[in-house]
Each structure stands twice: as C-alpha cells, then as structure tokens.
Amino acid sequence: MDHGNYGHSRPKEKQTNSNYDVPEAVEVLGRYDAEFAKILTKDALKFVADLQREFRSHIKYALECRKEAKRRYNEGALPGFDPATRCIREGEWICAPVPSAVSDRKVEITGPVERKMIINALNSGAKVFMADFEDALSPNWENLMRGQVNLKDAVVGTITFQDKGRNKVYKLNDEIAKLFVRPRGWHLPEAHILIDGEPATGCLVDFGLYFYHNHSTFRRTQGGGFGPFFYLPKMEHSREAKIWNKVFEKAENVVGIERGSIRATVLIETLPAVFQMDEILYELRDHSVGLNCGRWDYIFSYVKIFNGHPDRLLPDRVQVGMTQHFMKSYSDLLIRTCHRRGVHAMGGMAAQIPIKDDPAANEAALELVTKDKLREVKAGHDGTWAAHPGLVPSCMEIFTKNMGNSPNQIATMKRDDAAKLTEEDLLQIPRGVRTMEGLRLNTRVGIQYVAAWLTGSGSVPLHNLMEDAATAEISRVQNWQWLKYGVELDGDGLGVKVSKELFGRVVEEEMVRIENEVGKDKFKKGKYKEACKIFTRQCTSPTLDDFLTLDAYNYIVIVHPVEVSKL
Ligand SMILES: CC(=O)SCCNC(=O)CCNC(=O)[C@H](O)C(C)(C)COP(=O)(O)OP(=O)(O)OC[C@H]1O[C@@H](n2cnc3c(N)ncnc32)[C@H](O)[C@@H]1OP(=O)(O)O
Ligand SMILES: O=CC(=O)O
Ligand SMILES: [Mg+2]
C-alpha cells in the first residue's frame, strides 16, 4: 500500500475536518455532511481504527509477498500449486454449513452502491444483490459515503428515491434480494481518512462502517441469524483470506455475536488464487459461502502475471471467453473444489446488457447471455451474476429449469472429473488472433471508461457492453503487452506491428471518434483529455503498473477544507 500524498488540495499545514467527532489519532479529510456524520460516528470510526491498527502489519506483509511473487513471475517462474499445502488440498474437511438464508443463489444481480440502483437491484427478482464498492464504483468520497448511507437505509428497509423528472418514487418491494457487500481490494487506500497519520485501508473502511452500523438489523431481518454477507475481491493468496478471517473474528467478538455469523464468498479472479482455492476456503472455513469465477479480473491477472513472458500474449479481448481452455479449466476446478467443501460455486458476469433501440441486436445479446448461463449451470455452478435487471428473468429461468427444485447443486454436481486438471490446463495460452480493431477498441473503451470513472461512474454501458474497472484493466494491460513486445496484428492479414507511433496515431484517431460519438459539448465538459493522458501513460510505461485505479485515484481525492487560492 502506498501511503503517499493523495489529492489535489492537500493543505500544507495539516488541517482536520473538525465537524466530525473523531476518536484519537483519526482524521477525516473528506467533505463534511450531516448525513455522512451519522455513518462516521466516533464509535464507528474507532471500530475501523481498531481493525486498521490490529491488521495493518499483516496487510503490509501480504502486499510485500505479492511484490515478491511478482518478481519471481517476472523472472520466468509460473504460478502453481504449493507443495507446502498439499495436506490441505488432499485432506477431507468441509466448510461450515451454508445458512438457509443464502442456500438459493441462482441469480445474483450486481451494481454500485447508488441509491436508485440499490432499490432496483433489491426489487429485481434476483436471489442476491451484490452491492459494490469495488469494480463497479468510482471510490470518490461522495460515492463511498452516500453508498454507506444508502446501504444503511436499505438494511433498515426505509430506503426510497424520488425521480422528480419522471415523477416516480422508488421503494422496496415486500420480497427483496439478500444483500451481499463487496468492499474494495486490499491494495486500495482510503485517503480521506487518516489513522495514526496514514491513509486507512479502503476495504477496512468499507467493511468496518457497513458491519458496524448494520450487523444487528441485518441478522434479524435478512440473514435468519447470520450475516452480514460479503464478497471478497482480488486476493492472490490464502494468507490474504486468513487476514479477512481474523477481521471477521474480531468484528464478531467486538459486537458479541457468534463466530461464523459473518459469511463471505471469495472471488477467484487472480491467476495465483486458482492454485489456492482449497487453501482460501480452509482459512475461511467458518465464514465461507463459496467462491466465484470473477472472469474479467482473472483475464486481467493472466496478462499481469505473465507480463514478463512474451510467449504468453493474449489475442483480442473479445476472443478470451469462458470456452478458452484455461478459463473452462478454472471454472471446472472451482466447481469441484467448492462442492467438495460443501459451499457454492458461483458463476460470473456476461458482459452483454439489454440493447434498447435495436431489437435484433438485443436478441443477439440475450442469446449470448443465455448460452453463457446454460454452460455455467450445466457445468455445475450453483448460480450466476447478472449486470442488469432486464437479464434476471432469463438467467433465473435457465438455472431453475436446469436445477429443478433444488436450491443449489452442491451435493449433486461433484465434478470429480475436474480433479485431474493440471497446472498446464490452468495456464494454457488462450488461442486467437490480434487485430487493429482489437487495439482500437481497447483504446476507445479504456479512455471512455477512465473518463467516466474520473467523473464518478464506475460502471458504464459502452458499445452495448457493461464496462467496469475489471474490463477496463484488460484493455489497458493488453495494449501495454502488445506495445511492449511489438506484436504483429496477425488477424488482419496486413502484418502490422504494434509500435509507439502506431499507438499514438490510434489514440489520436480514437479521441476524434469519441468526440464525434459523445458530441463536442460533452467531450469538452467531460474528463476525456485527462483520461487519455492517464490511459496512454499506463499503456506505454516501461513497467506495468499494478492497477489502473491506483494511478487514477490521485485525481479523485479531494481533501477538505479545500485550500483557498491565494490569488
Ligand atoms: C467484472 C465485474 O466485477 S461485474 C460486477 C460489477 N459491475 C456491475 O455491477 C455492473 C452493473 N450494471 C450497471 O452498472 C448498469 O447496468 C450499466 C452501467 C452496465 C448499464 O446501465 P444503464 O445504461 O443505465 O442501464 P439502463 O438505462 O438500461 O437501465 C434501465 C433501468 O435499470 C436499472 N439498472 C441497470 N442496471 C442495474 C443494476 N445492475 N442494478 C440495479 N438497477 C439497474 C437502471 O437504474 C434503470 O432504472 P430505471 O428504469 O428505474 O431508471
Ligand atoms: O469481479 C468480477 C470480475 O469478473 O472481475
Ligand atoms: Mg473483479
């Protein structure tokens, strides 16, 4: 974690936002708001600070280990199963029984913690709503704190939203989806909250504030005595799961609830983590409700881990789907591992979303989603993700039809055949070709996504697909990889090699295209130029940055009170 200076308006003399009532050695540098103050209470901040103090050295160590592993991969090593933990992989043990409140997770809708979307998602007919502080959210202060306010209102059941333009009031139905919350990954700091002079760890802020304010109501009204429920992103090793387990135990102790109340599903979305699935479940065995195939970050991770391996270059992004051998192997092994340990094996997100103004294109998009979901349920997944309420009914139909009356397939789809999958299967190079259109699309989408992220939107529709931080990362690292190794665009039959000059031209042309598409006015008012600078810098940097959002985060930190210009 980089504890450096963040933000445009950090005062020279340290000033605290004195309106918040803070515990000792905690400073809140984000804007004051009376609604936020109900979340940032002295006790809640103390709860977060205590987590930070107890676990910061563990987190720092885990992130150092990531760096060390990266050094080894860059020198040519391959990720693989750890001989030291063979006994965990081969041992017969199971996780704590799945709470009945979440035994049926056929369809889970996901979305940012935005007020109207939370209501729509909870009302969508999905079994679960994963409220996202991560891939789908731009983590600016307003989004994060409003997100906490919104979730608190949602858990209590009083959340409403008025769309004045459409004269429409949104409120919760009688029957709603079960709420899971996804905090940020371990790597992201929260620069608006300082603890002992250092930025807090983003995920401990997200988890801590949500847990502190909602555990009691949630367990009573939604969890049937269990909960709250979480999704845990971007882990690379079981030592990181161990930290989460200890965080959960501490949280349970502090508020006096039984061990195993909190439950979490871990996203397997980094390449090293696929070799650690048993170990991750083992660390979290009292708190686990399964694993999920986070396919988009997983693809991103493949490029990142192999950034020093020119023999493992990816084809166009659109060709790296779940039917590629390494992706199918990952999904099959995840199902086998979860079911052997008695928990859910969740599927992932198809990128297609409904297309409003083109029925034929809409039908084609829906067909792709259907195909993807059918593959998942037949393989043995217990549920899947939907990006949009319009997709929930068809995903539900596919899972219900193929699973009959069972809430899940944990006991019936053991997939013992997947036990024979090898390291080679899990690492097999994806097949396909590289094209100029692939380079253009990566560039267009990457710049448009960063522009949206800088203005507060973490998930956006682009070219009829859902784009979020994970999909944008693929565009970035793929461009970086192609540039670094001067690859030939072999799918066009032209034999063009990717170079800085070619990329520079593509960037210029795509910026013109974006301006034409969004219109001059929006282009001028938007953050397209800043986004272009960030994205281009990342694609052309001599070494690959770990995360696009770590670099871009600096642009969205606004420290209060904002320093008044002396001019
Ligand atoms: C790789 C991963 O991590 S995947 C998980 C993270 N990503 C996500 O969660 C993406 C979630 N999806 C979304 O954010 C959105 O669906 C987008 C940005 C892709 C598309 O958004 P839009 O273009 O606004 O969708 P659209 O205009 O069709 O929305 C229609 C209605 O559905 C609602 N809606 C759309 N998606 C969602 C959602 N995921 N949850 C709740 N409501 C939603 C809209 O709010 C809108 O409501 P309204 O009619 O009451 O005004
Ligand atoms: O978080 C999900 C992913 O696919 O990445
Ligand atoms: Mg992800």
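All values reported here derive from a predicted model rather than from experimental measurement. (Residues numbered from 1 in each chain as written. Chains lettered and ligands numbered in written order. Predicted model: local features only at pLDDT ≥ 70, side-chain atom pairs only at ≥ 80, totals over all residues. Heavy atoms only, no water.)

This chain's UniProt record puts "domain: Malate synthase TIM barrel" (unreviewed entry) on residues 178–429. Secondary structure across residues 178–429 comprises 45% helix and 16% strand; the distance between its end C-alpha atoms is 38 Å. (UniProt positions renumbered as here; feature names shortened; annotations may be inferred. Helix = DSSP H or I, 4+ residues; strand = E, 2+ residues; numbered from the N terminus.)

As a further point, take the confidence of the model for the chain. Parts of the prediction with low pLDDT should not have their coordinates interpreted in detail. Looking at the chain as a whole, its pLDDT mean stands at 95, while 96% of the residues score no less than 70. Taken together, the stretch residues 8–14 has pLDDT below 50 and engages in 16 contacts with residues farther than four places along the chain or on a different chain. Predicted as a complex, the structure gets a pTM of 0.96 and an ipTM equal to 0.99. (pLDDT = per-residue confidence, 0-100. Contact = heavy atoms within 4.5 Å.)

Attention shifts here to the coordination of the magnesium ion (ligand 3). Around the magnesium ion (ligand 3), the protein contributes the donor atoms Asp135 (OD), Glu269 (OE) and Asp297 (OD), at 2.0 to 2.2 Å from the metal centre. Counting residues between consecutive donors of the magnesium ion (ligand 3) along the chain gives the motif D-x133-E-x27-D. Of this pair, Asp135 sits in the loop between β3 (128–132) and α5 (141–156) while Asp297 is found in helix α10 (residues 295–305), placing the two residues 162 residues apart along the sequence. For Asp297, a relative accessible area of 3% puts it in the buried group. (Donors = N, O, S within 2.8 Å, 3.2 Å for Na, K, Ca; no water. Buried < 20%, exposed > 50% of the residue type's maximum accessible area, 1.4 Å probe, protein only.)

Quick look at the site of ligand 1 now. The environment of ligand 1 is made up of 29 residues, and the closest members are Thr110, Lys116, Tyr170, Lys356 and Ser459. Here Asp135 contributes a side-chain N or O atom positioned 2.8 Å from an oxygen atom of ligand 1. Residue Tyr170 places a side-chain N or O atom 2.6 Å away from an oxygen atom belonging to ligand 1. In isolation ligand 1 exposes 950 Å². Once the protein is present, 84% of that is buried. (Near = heavy atom within 4 Å. Polar contact = N/O pair within 3.5 Å; in protein donor to acceptor, adjacent residues only side chain to side chain. Areas by Shrake-Rupley, 256 points an atom, 1.4 Å probe, with all protein chains shown as cover.)

All right, on to unusual backbone geometry then. Peptide bonds are, in most cases, trans, and in most cases residues other than glycine have a negative phi. For the peptide bond that leads from Gly227 to Pro228, omega is -5 degrees, which places it in the cis range. Positive phi, normally seen in glycine, also occurs at Asp196, with a value near 50 degrees. Here Asp196 lies in the loop between β7 (189–195) and β8 (198–201). Judged by its relative accessible area of 34%, Asp196 falls in the partly exposed class. Positive phi outside glycine occurs at Asn464, with the angle close to 65 degrees.

It is possible for side chains of opposite charge to pair when their charged atoms get near one another. Per the stated rule, a full pass over the model turns up 53 salt bridges. Residues Asp372 and Lys373 are paired through a salt bridge, measuring 3.0 Å at the closest nitrogen-oxygen approach. Here Asp372 falls in the buried class, since its relative accessible area comes to 10%. Connected through salt bridges with shared partners, the residues Asp132, Glu134, Asp135, Arg182, Lys234 and Asp297 form a single ionic network. (Salt bridge = Lys/Arg side-chain N within 4 Å of Asp/Glu carboxyl O.)

Tracing the backbone through its elements, the reader meets Pro112 in strand β2 (residues 107–112). Through-space distance from the C-alpha of Pro112 to that of Met277 is 27 Å; in sequence the pair is 165 residues apart. Residues in contact with Pro112, not counting those within four places in the same chain, are Met117, Ile118, Phe129, Asp132, Ala136, Leu137 and Ser459.

What follows deals with the packing of helix α6 (residues 202–221) against helix α7 (residues 238–255). Axes are the key here: two packed helices are described by the angle between their axes and the distance separating the axes. Closest axis-to-axis distance for the α6/α7 pair is 11 Å, and the angle between their directions is 30 degrees. Judged on the interaxial angle alone, α7 and α6 are roughly parallel. Between α6 and α7 lies a crossing of right-handed hand. Contact residues: α6 offers Cys203, Leu204, Phe207, Phe211 and His215, while α7 offers Trp244, Val247, Phe248, Ala251, Glu252 and Val255. Its residues assigned to classes, the contact of α6 with α7 shows 9 nonpolar, 1 polar and 1 charged. (Axes fitted to C-alpha atoms, helices over the stretch in contact; angles between N-to-C directions. Parallel < 35°, antiparallel > 145°, perpendicular 65-115°, else oblique. Left-handed = near helix turned anticlockwise from the far one by under 90°. Nonpolar A, V, L, I, M, F, W, Y, C, P; charged D, E, K, R; others polar.)

Along the chain, Ser238 turns up in helix α7. Note: C-alpha distance between Ser238 and Glu517 (279 residues apart in sequence) is 45 Å.

Following the criterion strictly, the structure yields 25 aromatic pairs and no others. Centre to centre, the rings of Phe47 and Phe211 are 5.8 Å apart; their planes meet at 15 degrees, and the pair counts as stacked. With a gap of 164 residues between them, Phe47 in helix α2 (residues 42–74) and Phe211 in helix α6 connect regions that are remote in the sequence. We classify Phe47 as buried; its relative accessible area is 5%. Accessibility expressed as a relative area gives 0% for Phe211, which makes it buried. Through a chain of ring-to-ring contacts, the aromatic side chains of Phe47, Trp186, Phe207, Tyr210, Phe211, Tyr212, Phe230, Trp244 and Phe248 assemble into a single cluster. A cation sits over an aromatic face here: Arg312 above Phe306, 4.5 Å from the ring centre. (Phe/Tyr/Trp six-rings, centres within 6.5 Å; stacked < 30°, edge-to-face > 60°. Lys NZ or Arg CZ within 6 Å of the ring centre and 35° of its normal.)

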